[in-house]
Amino acid sequence: MVNQYTGITNYYDLLMMSGYYDYHNIAKKAYSIVGNNFQIIEIGVGTGLLAEKYI
């Protein structure tokens, strides 16, 4: 079975990275809230752009 969303992932990432969302600052804000002694799990729709910034 082919995932019907595979074909639009590159377009989605391009759209999301066009400047509408500031993933770097969102990740920094999340880190400032939880600190260094916690782990963050991100569950949601998307291609993992924000999760990549957490790392």
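About the criteria used
Residues numbered from 1 in each chain as written. Predicted model: local features only at pLDDT ≥ 70, side-chain atom pairs only at ≥ 80, totals over all residues. Heavy atoms only, no water. Patch = residues over 30% accessible without salt bridge, like charges linked within 9 Å, V, L, I, M, F, W, Y side chains within 5 Å. Areas by Shrake-Rupley, 256 points an atom, 1.4 Å probe, with all protein chains shown as cover. Salt bridge = Lys/Arg side-chain N within 4 Å of Asp/Glu carboxyl O. Helix = DSSP H or I, 4+ residues; strand = E, 2+ residues; numbered from the N terminus. Core = buried A, V, L, I, M, F, W, Y, C linked by side-chain atoms within 4.5 Å. Buried < 20%, exposed > 50% of the residue type's maximum accessible area, 1.4 Å probe, protein only. Contact = heavy atoms within 4.5 Å.

(A) Representation of a nonpolar patch on the surface in the model. Among the surface-exposed residues, Tyr-5, Ile-8, Tyr-11 and Leu-15 lie close enough to one another that they form a single nonpolar patch of about 450 Å² accessible area. Within the secondary structure layout, Tyr-5 lies in the segment before helix 1 (9–16).

(B) Representation of the nonpolar core. Membership of the largest hydrophobic core is limited to 5 residues, which are Met-16, Tyr-23, Ala-27, Leu-49 and Leu-50. Elements supplying a minimum of two residues to this core: helix 2 (23–34) and helix 3 (49–54). If near-sequence neighbours (up to four positions away) are discounted, Met-16 is found in contact with Tyr-21, Tyr-23 and Leu-49.

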